[in-house]
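Fold and contact review
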Amino acid sequence: MAIEDLKNKPLVEAIFEFRWSSASAPQFIQANIPGLRLTMQNSQNVNQGGIDPNYNILFGRFYDKVSGEMGEYPYHEPLPTAAMPLEMSTHVVQHRFRVAQDQWPLLQIGPGIMTVNDTSGYKWDDFRSRILSSLDKLKASYIKPSDVEVNNLVLKYINAIEFDYVSQDINEFLNTKMGVNVTLPADFFSNGKCDKDPRNFLFQSSFRSSDPEGHISIQLGTGSTNGKPSLIWETSVVSSENPPNINESFETWLDKAHKLNEEWFFTLISGDLERRFQGE
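The present account deals with the structure reproduced in this document. (Residues numbered from 1 in each chain as written. Predicted model: local features only at pLDDT ≥ 70, side-chain atom pairs only at ≥ 80, totals over all residues. Heavy atoms only, no water.)

A few words now on the environment of Leu86. Tracing the backbone shows Leu86 in the loop between strand 4 (75-78) and strand 5 (95-98). Expressed as a C-alpha distance, the spacing of Leu86 and Pro53, which sit 33 residues apart in the sequence, is 9.1 Å. (Helix = DSSP H or I, 4+ residues; strand = E, 2+ residues; numbered from the N terminus.)

The next subject is the pairing of strand 8 (residues 148-162). Burial analysis of strand 8 places 11 of its 15 residues in the buried class, the great majority of the element. When strand 1 (residues 11-22) meets strand 8, the two strands line up antiparallel, connected through 11 bridges. Of the residues in strand 8, the one forming a bridge with Phe16 is Leu155. Where strand 8 meets strand 11 (residues 228-239), 10 bridges bridge the pair, whose relative direction is antiparallel. Paired with Glu162 across the strands is Ser230, a residue of strand 11. (Buried < 20%, exposed > 50% of the residue type's maximum accessible area, 1.4 Å probe, protein only. Pairing = 2+ DSSP bridges.)

This paragraph deals with the pairing of strand 5. Inspection of the sheet shows strand 4 paired to strand 5 by four bridges, in the antiparallel sense. Looking at strand 5, one finds that Pro78 is bridged to His95. Note that strand 5 and strand 6 (residues 106-110) share four bridges and pair antiparallel. The residue bridging Phe97 from the neighbouring strand is Leu107, located in strand 6.

Between helix 2 (residues 124-141) and helix 4 (residues 250-269), whose axes approach to 12 Å, the crossing angle comes to 150 degrees. Between helix 2 and helix 4, the interaxial angle falls into the category roughly antiparallel. Between helix 2 and helix 4 lies a crossing of right-handed hand. Contact residues: Trp124, Arg128, Ile131, Leu132 and Leu135 in helix 2; Phe250, Glu251, Leu254, Asp255 and His258 in helix 4. (Axes fitted to C-alpha atoms, helices over the stretch in contact; angles between N-to-C directions. Parallel < 35°, antiparallel > 145°, perpendicular 65-115°, else oblique. Left-handed = near helix turned anticlockwise from the far one by under 90°. Contact = heavy atoms within 4.5 Å.)

With antiparallel pairing, nine strands are arranged side by side in an open sheet as 4-5-6-7-1-8-11-10-9. The strands lining the two open edges of the sheet, one partner per strand, are strand 4 and strand 9 (202-210). For this sheet, the mean inter-axis angle between neighbouring strands, taken without regard to orientation, is 15 degrees. Across the sheet, helix 1 (residues 55-67) is in contact with strand 1, strand 4, strand 5, strand 6 and strand 7 (113-118); its angle to strand 5 comes to roughly 10 degrees.

Moving on, we get to the pattern of salt bridges. Considering all chains together, one arrives at 17 salt bridges under this definition. The residue Arg130 makes a salt bridge to Asp126 at a minimum N-O spacing of 2.9 Å. With a gap of four residues between them, Arg130 and Asp126 both fall in helix 2, about one helical turn apart. What makes Arg130 buried here is its relative accessible area of 15%. Judged by its relative accessible area of 32%, Asp126 is partly exposed. As a salt-bridge pair, Lys196 and Asp197 come within 3.5 Å of each other at their nearest N and O atoms. One connected set of salt bridges, linked through shared partners, spans Glu72, Asp126, Arg130 and Lys137. (Salt bridge = Lys/Arg side-chain N within 4 Å of Asp/Glu carboxyl O.)

Read these as layout, nothing more, since geometry by itself doesn't imply function.
Now the structure itself:
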């Protein structure tokens, strides 16, 4: 079974994030000297997040490919961050492209960053196809595609269910429904000065993964969806230390990242929650 097969799937948003640098961009190195902070430019022009001199050309070409006459995302939204100076906006999303006004899925782009986002209409085959297509358009938009150096890849799923964590015991719910056991010393509450039920809750952890290479993070916390108190959880597969080459092994990484996310998702909801999401 896949996430999209669930009749009442709890998916809030699926997100793919791609961060890159350009081999044409200068590297800036911080040198700490007592009483002085000195910023030096590396003569080898190896970028670790510096200004990409090709970004404005890239954006124009990318715009034509995704939002032009034959583009899949004709509705363009400049974001407030689009007014930021280029030297301050590395890895900051500046523009959004939608399939129609206020509709999903969508693409986002800024200097050194691109995302693909979907929500309730998510289906993996379609989402996968959009990721691959958007990367192809990004590479085709560069004057020299070989300039694109992968910094970071993320495949993330955010889920939520309504849960009144003020009147209900969230620790008990997590333990009995999701197999997550987070406890504090009972002596914290034995004198009656503090309630044992948290007013808010946040748990986060990260684990190294080998298939795909990188790490997987999980976060569970209280919040709100549609104005109602909720339990929100997300899993993210991230490759940053040794990310795959987007011209060779990226599809393999993407499929493995999706598989690992789904394995963790169905492990968390196994039992009562899975039956609830199936509509039983």
